[in-house]
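As a plain string of letters, each chain reads:
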Amino acid sequence: MADFAKTVFDTGLTCWDRTAKYRKYIRSLGDNLTALEIKTDELGSVYNDVNRLAETAEGEGWIRKSDAAGWLDRVKALREEADEILADGKQIMGRICLCGLCYRNCRSRYEQSKLAEAKKAELETELLQGRNFRVKYDVAYEPADLILERSLQALRYKMDELCGVFETVKKRVKREEDQHLVRTPEVRGWLERVKLVLEKEVGEILERGTLELGKSCKKGGGDFHSQRNFTSISRSADEKRVILEGLLGECRGFTELTCKPDDPLMVEITLEPPVGMNSMFQEVWNWVEDESVRCVGIFGMGGVGKTTLLNRVHNQFLQVSHDYNFVLRVVVSRPVNLENLQKAIWEKLKLPEDEWDPSDKESTTSAILKSMKDKNFLLFMDDLWDAIDLLIDLGIPCHDHQNKCKIIFTTRSVEVCNRMKVDKRKKVECLPPNDALQLFRQKLGEKTWISHPGIPEIAHTLVHECKYLPLALITVARAMAGTMDLEDWMNAEKDLKRQVSKFTDMEEEVLKKLEFSYNRLPDEIHKRCFLYLSIFPEDHEIYEDDAIVLWIGEGFLDECDDVHEARTYGRKVFRKLRHACLVESVRQSTPLGEIVKMHDFVREMCLWVYSEHGSKKKKVFVQEEVESFRMEDLKKWKDAERISLWRVESSVDDTSLATISCSRLSTLIIRDTNLRTIPDELFLSMPCLRVLDLSDNYNLQELPDSIWKLINLRYLNLDRAEGKTHEVPVEIKNMSNLVVLILSRNFLVSAEVISNLSSLRLFYWSNVSKYWWKFESSAKFCEIELLEVLQMMQSVEEIDITLITAEGVEKLQSCPKLTSHVRGLCLFVCYGLASFRISVSFMRRLECLQSLDLYYCDFTEINVGTGEYEGSYESPGRYSSNVESHAPKPASFASRDSFQGLRYVTIRRCKDLENVTSLIYHAPFLENLHIEGCGSMKELIVEDIEDNHVTSNRVFPWLASLRLDYLTNLERICRRTLPFPALKEIIVRECPKLKELPMTRDSAKNSLQVIEGEQEWWEGLKWDDPASKQVFSTKFVSCSDAMI
């Protein structure tokens, strides 16, 4: 019994111990509920604070952060769960038994107490996190569009502030400049930078930002791409605002805005920061400051930096005070043209133009000497190849001059320095190694320099191989610019080392270095095309189209599928040559393409390479502006492969030419000479001739019959080769290889002749002779017959043609295949053509038309697209009082309903033509418009542009040049102002009734370079806005000044 009792007692103790934690939860239910209720209230307060922060931020357009939103959602759910636990717990607390001495349903109390404790722990965790949400940046973020708006607003505010300061500074500078002061360099630079920042950089950012915000509004919110754009633009706006603040601070530091002017006789020459010339410059400048030194010669090999040093000395005079009252800088080049030099001096001295007489050299020299005697003069001469007797040849006193004088020149020869009796001479040496490397790195570009860690090491080697010559360094660096593959650099190093080992003297080393740039051309086609340019004379302006057609004739571009692809490839070649600095642009936008020139030294390299590195120097023979042929020159022809003669003054000795054998000759160009005859035997000695150009030889009496026996000829240019009418003989049909045929209209071409030229791809039949009336009777039949044959020829791909009959114009419109190949079209006289009407179908077929010329035609109107537009509408207006307008409405301005290729329009002496409205509306890509001698024309574009349903920005959007000559009745160009976004020049001559230009001060804002006309005409112009006249006054040049 005792054992049983002990067992029961022990068992009871064990049960009591094991139920301790359950008893704890049962007894602590009230405490746990109280703690949970306190924590719930505490969390509720934090929840309310966080929610209030989030709602306030959202009210300002901010977006609630996901972690804050998640916390609020979790807390809301937890609070609801806690409230439910509290309610259930209180209900259980009321269930007791034995007069409150015992609990009922202990299990429920246990579970509810445990649940309250666990929930309290959860609330504490969320409470801890909630206390981290203290400010609105913790619970919400500002969206990118709002940040962008704020950044743009701050930028606008700072821009307005800078604009105000800018205008104030400008007005003050203008006021002081009116008192003959000039702005300081610091102020000039500040104004230029501010203008650039305000007009372009800030405007672009604001425009981009506004555009992106507009897109976002349309989409109803921004996608990821938009948000990224917002952030990028905001960053740019903030950075630009900092720059504006810097400019404002810079302005506050100005102590003076203007200073006394420098010598107005000198204009600063643009120079890149020179490298490694400080010591040489200082030495030369010391001589310049020494009044006892009157003549300084700077000599050295080509490309070593002589011109750069000369220009730096020139610019230094702009920084110091001096008493020279005559300053002139000229480029002499070779051969020396003393007449041009004297002309430049004459003009600089402002001597009477009507007294200039180049034929009377003695009086001209005396007049210059008389004017120079009383002056302190400073003369810069660049690229002097031969010595000049300044006094006798030019009328310039030097060593015996009574007043102050200084003559500084550059040359490649020390002998020229000696013969010019210089007081001091300076040889320009190659750069020191460190400076050479700095110049190479500068021209190479930092992006390429750091693109691979091995490039700088190879660059050191390349600089050494260039022998530190600036021209070679620049050429090689630019050839390697953009080359980031180390293997290409290693190959370049090997190539350069292999070439340098063959050099014998410095001149040859320069040519080798220049040849390196040539060797870096992409392929053999580029190289052949480049070498071919050596047939043009030194300093000759090369028309790209002229050269490309020659390349086509030579067969360099035969791999191209058609002429259009060949032209495209030719332009690509020129782009590559320009980028490689083998040619340089002179002028853009001409009917014959861009104009380029070859640097003298590059051309020397070109000739040297083609002559197999000088071993066969007679392969190319080029002569320009010679008075007569010398027998020793003619003897060189027998070994030549290419010969070009330009502007030869006298005829050739027939017997001399007749004895010449040119069995290797492939190219012969004789242009713009005074030759009267060419012996028939000459061409018989040229069996391999492929290119023959006899253009612009107006004085030729007759073409030799042997021309038509050149069966290997691929290119024949007889444009303006003789004045009289000439029928192309039937023998030309034997030229089965002829690809390019260029003839004047005075050559009558029969259908039989042209149809046999099976290889013909380019056919030009233009440029009417002054004797055109002599063949007028036969022109009609010849013209129509030729057009019919050309329509059927499968080989012809490009045509430039002049039509002189109305029947010819009508025939061309009926030849759809032929029309699609027309690149240049000229209508000359065309009797009987009362109206020049161009249907939509005809216009669409003229897809290749680039140039349209109308000369001496009697028609009164040009109608484009008459009656062939889709849709129904009434004619919107009239071109003139009696001619109904056919100007199209917007639907007719689809891209295919206009001249897509037309760039150049010239209209001369069409006396009855009243306007060019329809033509202008249909030529959206027109670049050059020249109208001359159209006496009936009162307006170019009649009626109001908006009345014709054409917005002003659709008229002349690409026009670069507008020239109006001898339009005696022209009153206006059009009635509404135009933006002219691409206009560069306006030339107006003898248009006395033209009293207004359709321009505001915002027209041609960033493009216009010059307005040329008579001074009286300019002063009589009327302006709606005085500010417009002020803006354009800076662009105006008087005709007389322009001619000088």
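Residues numbered from 1 in each chain as written. Predicted model: local features only at pLDDT ≥ 70, side-chain atom pairs only at ≥ 80, totals over all residues. Heavy atoms only, no water.

**Student:** Give me the lowdown on a negative patch on the surface, citing residues and values where you can.
**Tutor:** A contiguous patch of negative charge on the surface is contributed by Asp680, Glu681, Glu702, Asp705 and Glu731. Here aspartate 680 lies in the loop between β17 (667–671) and α28 (681–684). Assessed through its relative accessible area of 31%, aspartate 680 is described here as partly exposed. (Patch = residues over 30% accessible without salt bridge, like charges linked within 9 Å, V, L, I, M, F, W, Y side chains within 5 Å. Areas by Shrake-Rupley, 256 points an atom, 1.4 Å probe, with all protein chains shown as cover. Salt bridge = Lys/Arg side-chain N within 4 Å of Asp/Glu carboxyl O. Lys, Arg positive; Asp, Glu negative; His and termini not counted. Charge placed at Lys NZ, Arg CZ, Asp CG, Glu CD. Helix = DSSP H or I, 4+ residues; strand = E, 2+ residues; numbered from the N terminus. Buried < 20%, exposed > 50% of the residue type's maximum accessible area, 1.4 Å probe, protein only.)

**Student:** Break down the sheet that holds strand β14 (residues 595–597) for me, citing the residues and quoting the values.
**Tutor:** Taking strand neighbours across the sheet as the criterion, the three strands line up as β12-β14-β13 in an open arrangement whose pairing is antiparallel. On the outer flanks of this sheet lie β12 (542–543) and β13 (584–587), each paired with one strand and no other. (Pairing = 2+ DSSP bridges.)

**Student:** An account of the environment of proline 687 is needed here, citing residue identities and associated values.
**Tutor:** Mapped onto the secondary structure, proline 687 falls in the loop between α28 and β18 (691–693). Separated by 26 residues in the primary sequence, proline 687 and serine 661 have C-alpha atoms spaced 9.9 Å apart. In contact with proline 687, not counting residues within four places along its chain, are Cys662, Ser663 and Asn712. (Contact = heavy atoms within 4.5 Å.)

**Student:** Outline the packing of aromatic side chains, supporting the account with residue identities and numerical values.
**Tutor:** Evaluated as defined, the whole model comprises 20 aromatic pairs. When the centroid spacing of 5.8 Å and the interplanar angle of 15 degrees are considered together, the rings of phenylalanine 956 and phenylalanine 980 count as stacked. Residue phenylalanine 956 is located in the loop between β30 (928–932) and β31 (961–965), and its partner phenylalanine 980 is located in the loop between β31 and β32 (985–989); the two are separated by 24 residues in the primary sequence. Here the aromatic cluster, defined as three or more aromatic residues joined through ring pairs, consists of Phe281, Trp285, Phe317, Tyr324 and Phe380. (Phe/Tyr/Trp six-rings, centres within 6.5 Å; stacked < 30°, edge-to-face > 60°.)

**Student:** Got a sec to walk through helix α22 (residues 524–532)? Specific residues and values, please.
**Tutor:** Along an α-helix, a turn takes 3.6 residues, which lines up residues three or four apart on a common side. Across the nine residues of α22, seven count as buried, placing the element largely inside the fold. Along α22, the positions that sit buried rather than exposed are Ile525, His526, Lys527, Cys529, Phe530, Leu531 and Tyr532. Among the residues of α22, the N-terminal cap falls to aspartate 523, whose side-chain oxygen and the backbone nitrogen of isoleucine 525 are separated by 3.1 Å. (Polar contact = N/O pair within 3.5 Å; in protein donor to acceptor, adjacent residues only side chain to side chain.)

**Student:** Just give me the short version of the nonpolar core, but keep the residues and values in it.
**Tutor:** Phe683, Ile754, Leu827 and Leu940 are the most contacted members of the largest nonpolar core, which has 123 residues in total. Among the elements that line this core, the one with the most residues is helix α30 (residues 776–792), at five residues. Here this core spans two domains, since at least three of its residues come from each of domain 5 (521–585 + 593–654) and domain 6 (676–770 + 780–808). Those residues in contact with leucine 940 that lie beyond four places of it in its chain are Asn915, Val916, Thr917, Leu929, Ile931, Leu962, Leu964, Leu970, Arg972 and Ile973. Membership of the second largest hydrophobic core comes to 47 residues, among which are Cys529, Phe530, Met605 and Val691. (Core = buried A, V, L, I, M, F, W, Y, C linked by side-chain atoms within 4.5 Å. Domains from an automatic or database assignment.)

**Student:** Describe the side chain of lysine 406, with residues and values.
**Tutor:** Within the element layout of this structure, lysine 406 appears in strand β10 (residues 405–411). In this structure lysine 406 is buried but unpaired, with aspartate 290 as the nearest side chain of opposite charge at 6.2 Å. Apart from the residues within four sequence positions on either side, lysine 406 is in contact with Trp287, Val288, Asp290, Glu291, Val293, Arg294, Tyr324, Phe377, Leu378 and Leu379.

**Student:** Tell me about the sheet that holds strand β9 (residues 377–384), residues and numbers included.
**Tutor:** Ordered by their spatial adjacency, five strands build an open sheet running β8-β9-β10-β7-β11, and the pairing between neighbours is parallel. Two strands in the sheet have a free side with no partner beyond their single neighbour: β8 (326–333) and β11 (424–427). Shown here is a sheet whose adjacent strand axes are inclined to one another by a mean of 10 degrees, direction ignored. In the sheet, strand β7 (residues 295–299) pairs with β10 via five bridges, with the strands oriented parallel. Looking across to β10, one finds that valine 296 is bridged to isoleucine 408. On top of the sheet, helix α10 (residues 278–289) reaches β7, β10 and β11; it is set at about 170 degrees to β11, its chief contact. (Axes fitted to C-alpha atoms, helices over the stretch in contact; angles between N-to-C directions.)

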